[in-house]
Amino acid sequence: MFNNNTIAVIIAAYNAEKTIVRAVESVVDDEFVSQVIVVDDCSSDSTMQMLAGLQKQFTKVSVFSTDINSGPAKARNIALTKCTAKWVTVLDSDDYIEGGRFKKLLAHSEGIELIADDKLRINENDPTSRKTAMLGKRQKFPTLISLSDFIESNITKKGEFRKELGFIKPIIKRHFLLENNLAYQENMRLGEDYELYCRCLIFGAKLKLIEASGYVAVVRQNSLSGNHSKKDLIKLRDCDYELAKIESLTSHERKLLLRHAQSINIKVQWICFYSSIKNKNYKTTIKSITNSLSAFIFILKNLKTQFFIRVVRRRLNK
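Draft legend 1. Region of interest: the side chain of Arg 101. With respect to the helices, strands and loops of the structure, Arg 101 is situated in helix α4 (residues 101-106). Polar side-chain contacts of Arg 101 include one of 2.8 Å to the side chain of Asp 117. With residues near it in sequence (within four places) discarded, Arg 101 still touches Asp 117, Lys 169, Ser 213, Gly 214 and Tyr 215.

Draft legend 2. Representation of helix α7 (residues 192-202) within the structure. Of all eleven residues in α7, eleven are buried, a share of seventy percent or more. Looking at α7, one finds that the buried residues are Glu 192, Asp 193, Tyr 194, Glu 195, Leu 196, Tyr 197, Cys 198, Arg 199, Cys 200, Leu 201 and Ile 202. Looking one or two residues beyond α7, the residue adopting positive phi is Gly 204, at roughly 100°.

Draft legend 3. Region of the structure containing the environment of Asp 232. Note that Asp 232 resides in helix α8 (residues 230-243). Using a relative accessible area of 14% as the deciding quantity, one classes Asp 232 as buried. In the structure, Asp 232 is positioned 57 residues away from Ile 289 in sequence and 21 Å away in space, judged by C-alpha atoms.

Draft legend 4. Fine view of the pattern of salt bridges. For the structure on display, the rule yields twelve salt bridges. Across the salt bridge formed by Glu 98 and Lys 131, the nearest N and O atoms sit 2.2 Å from each other. On the criterion of sequence distance, the pair formed by Glu 98 in the loop between β5 (96-97) and α4 and Lys 131 in the loop between β7 (120-123) and β8 (132-133) is long-range, its members being 33 residues apart. Look at Lys 131 and you get partly exposed, because its relative accessible area is 39%. Linked through salt bridges whose partners overlap, the residues forming this network are Arg 76, Asp 92, Lys 169, Glu 192 and Asp 193.

Draft legend 5. Focus on the sheet that holds β8. Judged by pairing direction, the sheet is mixed, and its four strands sit side by side in the order β5-β12-β7-β8 without closing on themselves. What marks the edges here is a single partner per strand, and that holds for β5 and β8.

Draft legend 6. Representation of the sheet that holds strand β1 (residues 7-13) in the model. A sheet is described by the order of its strands in space; here eight strands give the open sequence β3-β2-β1-β4-β10-β6-β11-β9, paired in mixed fashion. Looking at the sheet topology across the chains shown, the edges are occupied by β3 (61-65) and β9 (143-145). Here the average twist between neighbouring strands, direction ignored, is 25°. Relative to strand β10 (residues 171-173), strand β6 (residues 114-117) runs antiparallel, the two sharing two bridges. In the sheet register, Leu 114 faces β10, and the bridge partner there is Ile 172. Across the sheet, helix α3 (residues 72-80) touches β1, β2 (33-40), β3 and β4 (87-90), and the angle it forms with β1 is around 145°.

Rules and cut-offs
Residues numbered from 1 in each chain as written. Predicted model: local features only at pLDDT ≥ 70, side-chain atom pairs only at ≥ 80, totals over all residues. Heavy atoms only, no water. Helix = DSSP H or I, 4+ residues; strand = E, 2+ residues; numbered from the N terminus. Polar contact = N/O pair within 3.5 Å; in protein donor to acceptor, adjacent residues only side chain to side chain. Contact = heavy atoms within 4.5 Å. Buried < 20%, exposed > 50% of the residue type's maximum accessible area, 1.4 Å probe, protein only. Salt bridge = Lys/Arg side-chain N within 4 Å of Asp/Glu carboxyl O. Pairing = 2+ DSSP bridges. Axes fitted to C-alpha atoms, helices over the stretch in contact; angles between N-to-C directions.

No statement about biological role is implied by the geometric values presented.
Quick look at the structure:
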């Protein structure tokens, strides 16, 4: 039904000695995978040695490395330059893929540039944890996701479930990326997937989402995606501002990008506010609370939460 030399799986690895073998072995024998390209991002553990072993063991596996630790976007872009397959997809080094996933995705590939599935999640630290779908019954499958749908899914709304489609891992037509000169933004360490998917949709790609088919995201403490610095958040916010400048956008799409930017900006202002109080930099404190009404409200809510936590702790410690 499909050409076996179809998909290149790219993996950015950093200090992944505990999970990289599982990740590679979960895809290397798939009949639709022709390449497994791993880029080590200057790991300080034994990741590179383990990759060298995997490269010797499997002909599909090729290993490269960055000169300095640069983040997943840089590593993925290096991998993209090594791809020759029709489709390309990302696998995070601490996740894994179940058999049959790519066959299910490719069954929906006619006339589509990006095909993704609902992600399965499992808690690494809980031995009784079961795999659960990120969207599950909250989403109808299969469905086409527009640019507006995609952006809105990443905006937090009070009392509503946030779909977070920025976390999906689609297979992407490599030729579409090449002809539109699309790659990951290397100055981003947070939301680089979101930014690339937005650009794909802006340039006319069709994105289809199907039911969970075997991408397993391992939820763990201290993951890179869960630790957001002020700089990371600013880069994510500012990517929305840059995307909003693209002339082909509709007014609704532009408004959604700016709403997403604002949802990130309030987190930036909270960090600025909190650190300025600790450092007694009251000019920055004033700038943070006067940045916008939404930032002011967000800061007040966080202060209320912090106050409540401290009061409860004091009472419990008495």
